[in-house]
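What follows is each chain in one-letter form.
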Amino acid sequence: MRSTGIRRTLVALGVGVLTLTACGSNGDEAADGKTRITVNCMPPKSAEVDRRFFEEDIAAFEKKNPGIDVVPHDAFPCQDPKTFDAKLAGGQMEDVFYTYFTDARHVVDINQAADLTPYVKELKSYGTIQKQLRDIYTVDGKVYGIPRTGYSMGLIYNRRLFEKAGLDPDRPPTTWAEVRDAAKKIAALGDGTVGYADYSAQNQGGWHFTAGLYSQGGDVVSPDGKQAAVDTPEGRAVLRTLHDMRWKDESMGSRQLLVINDVQQMMGAGRLGMYLAAPDNIPILVKEKGAEYQDIALAPMPGGKATLIGGDGYMFNRKASPEQIRAGLKWLDHMFLTPGDGFLGDYARAKKNDAPVGLPEPRLFTGAADAKDQQVKKANANVPVENYQAFLDGNQSLEMKIEPPHAQQLYSVLDGVVSAVLTKEDADIDRLLRDASGKIDGILARG
């Protein structure tokens, strides 16, 4: 799944219909002799601040590189799963196009990505990017994309409710047993308060099942990606915990089949103690759902084994010319990969425009580049960074695991498993996992 927002300030106010009009540049050279590149994921007009930032940064890039003409295409979401493959197959994808981490191998497998290997040495920032993120876009030793952002899952919790329930908000749960205990105490506050909530519809239940499975050391598929791996002690532990919290402890409330907006509304209204999420949920809770920054904190994934990571980056159209690839790499360096500057890194500009600075996003860079990025971020922080220290500290010991192959199809199968456990007290966990394994094996066999 993608995280909940394009970045720290972008909130979708409306989603336009994406039509399959020609997106390519129809040649790499404009009439004035410039190298022209089309790029996507420009914030929509409804996101006024981000739109302005994006346009400012493109103008600055073109001034610095007068021989390059950047033609941006706006869209929200940046990638629509309903049209993504059709655009690729129809030759209508931009020269430089946005992808989720889970898209990388698929785009390569269908031969729609340019091989960037001969050119990455020209990307000044490439060596400063975290290797585990670079590896996501490396297939069979060749580089096919450049990471832009990342996220990892954690446990969002309400400090105010922790205090009211007699819990220490500076010592969040680190195990699922502790989560269960804290949820019971929070639910005991009454007045409709829910201790812990989880998703169980629209593929989001399968996504969170995967995150819970990773946290306990399990996996969704075998290491070779050919067989299901959910019918295991770890898989049963995830479901048993959810079942017992829902039916024995009654700490999850009676309303189920929730999706992300439902849970965010509960947290924003101060009626929810905890749920799993990425850091980008925090500004949404505050700016859209009524929460206060000082009340919302983030802890690492309980369980201590691993956390699910996701993110995005850019790949290049297989028809892009060498000149377009070189121009596109320069654009990525300028827009997204310069520490403390550019569309994602200009923290001073973000702060000036009342965007949250200091959220605990996973670090994109290493070494001196990371040090500079963190220094500028810290100098412009305008959120209570101490509320996220447990998350930052705890992540250091967790394995970072990307989503499984064919993630959305697998999540659809696992949605049914999670929803059954949360809506049927007598749900047969063993049978549910056995049936899900068979369906997942079929999906993996079809490739």
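Please refer to the structure placed before this passage.
Engineer: So, the state of the cysteines: which residues are in play, and what are the values?
Structural biologist: Counted according to the given criterion, the structure contains 1 disulfide. Covalently, Cys41 is tied to Cys78 through a disulfide, its sulfur atoms 1.9 Å apart. Its torsion about the S-S bond being 60 degrees, the disulfide of Cys41 and Cys78 is classed as right-handed. Of the two residues, Cys41 is situated in strand β1 (residues 35-42) and Cys78 in the loop between β2 (68-74) and α2 (84-89); the sequence distance between them amounts to 37 residues. Pair check on accessibility: Cys41 and Cys78 agree, each one buried.

Engineer: Tell me what's going on with the packing of aromatic side chains, and back it up with residues and numbers.
Structural biologist: Throughout the structure, instances matching the rule amount to 13 aromatic pairs. On the numbers, 5.6 Å between centres and 85 degrees between planes, the contact of Tyr314 with Trp331 is edge-to-face. A residue pair is termed long-range when its members are at least 10 positions apart, and Tyr314 in strand β11 (residues 306-316) and Trp331 in helix α11 (residues 322-335) qualify at 17 residues. As far as burial versus exposure is concerned, Tyr314 and Trp331 are alike and both buried. On the numbers, 6.2 Å between centres and 80 degrees between planes, the contact of Phe336 with Phe343 is edge-to-face. Comparing Phe336 with Phe343 shows no difference in burial state: the two are buried. One aromatic cluster is present, built from ring pairs that chain together Phe54, Tyr98, Tyr100, Tyr314, Trp331, Phe336 and Phe343. Positioned above the aromatic ring of Trp247, the side-chain terminus of Arg246 is 3.9 Å from the ring centre. Sitting above the plane of the Tyr214 ring, Lys401 keeps its charged end 4.5 Å from the centroid.

Engineer: Would you mind going over the side chain of Gln256 in detail, with residue names and values included?
Structural biologist: Its place among the elements puts Gln256 in the loop between α8 (233-248) and α9 (260-268). For Gln256, the contacting residues outside a window of four places in its chain are Ser200, Arg246, Leu422 and Thr423.

Engineer: Any chance you could break down unusual backbone geometry for me, citing the residues and the numbers?
Structural biologist: Positive phi, close to 60 degrees, is recorded for Asn111, a residue that is not glycine. Examined against the element boundaries, Asn111 turns out to sit in the loop between α3 (104-109) and α4 (131-134). Unusually for a residue other than glycine, Asp354 sits at a positive phi of about 65 degrees. By secondary structure assignment, the location of Asp354 is in the loop between α13 (347-352) and α14 (367-379). Relative accessible area serves as the criterion here: at 55%, Asp354 is assigned to the exposed category.

Engineer: Requested: an account of a negative patch on the surface, with residues and values cited.
Structural biologist: Residues Glu250, Glu425, Asp426, Asp428 and Asp430 make up a contiguous surface patch of negative charge. Residue Asp426 is classed as exposed on the basis of its relative accessible area, which comes to 70%.

Engineer: Outline the layout of surface pockets, supporting the account with residue identities and numerical values.
Structural biologist: One simple way to see leftover space: roll a probe sized like a water molecule over the atoms. Estimates place the volume of the second largest pocket at around 690 Å³. What lines the second largest pocket is a set of 26 residues, and nearest its centre among them are Glu361, Pro362, Arg363, Leu392 and Gln396. Secondary-structure elements contributing two or more residues to the lining of the second largest pocket are α4, β6 (145-152), α14 and α15 (389-395). By residue number, the principal contributor to the lining of the second largest pocket is α15, which donates 4 residues. Taken together, the residues of the lining of the second largest pocket sort by class into 13 nonpolar, 9 polar and 4 charged.

Engineer: Now, about the pairing of strand β9 (residues 272-277): what can you tell me, with residues and values included?
Structural biologist: Counted residue by residue, β9 has 6 buried out of 6 residues, so it is predominantly covered. In this structure, strand β7 (residues 154-158) lies alongside β9, joined through 4 bridges in antiparallel fashion. Bridged to Ile156 within β9 is Tyr275. In this structure, strand β8 (residues 194-196) lies alongside β9, joined through 2 bridges in parallel fashion.

Reading guide: rules and limits
- Residues numbered from 1 in each chain as written.
- Predicted model: local features only at pLDDT ≥ 70, side-chain atom pairs only at ≥ 80, totals over all residues.
- Heavy atoms only, no water.
- Disulfide = S-S within 2.5 Å.
- Helix = DSSP H or I, 4+ residues; strand = E, 2+ residues; numbered from the N terminus.
- Buried < 20%, exposed > 50% of the residue type's maximum accessible area, 1.4 Å probe, protein only.
- Phe/Tyr/Trp six-rings, centres within 6.5 Å; stacked < 30°, edge-to-face > 60°.
- Lys NZ or Arg CZ within 6 Å of the ring centre and 35° of its normal.
- Contact = heavy atoms within 4.5 Å.
- Patch = residues over 30% accessible without salt bridge, like charges linked within 9 Å, V, L, I, M, F, W, Y side chains within 5 Å.
- Areas by Shrake-Rupley, 256 points an atom, 1.4 Å probe, with all protein chains shown as cover.
- Salt bridge = Lys/Arg side-chain N within 4 Å of Asp/Glu carboxyl O.
- Lys, Arg positive; Asp, Glu negative; His and termini not counted.
- Charge placed at Lys NZ, Arg CZ, Asp CG, Glu CD.
- 1 Å grid on protein atoms, 1.4 Å probe; cavity = no way out; pocket = protein on both sides within 12 Å on 5 of 7 lines; lining within 4 Å.
- Points joined across faces, edges and corners; volume = space filled by probe spheres on them.
- Nonpolar A, V, L, I, M, F, W, Y, C, P; charged D, E, K, R; others polar.
- Pairing = 2+ DSSP bridges.

Read these as spatial facts, not as claims about activity.
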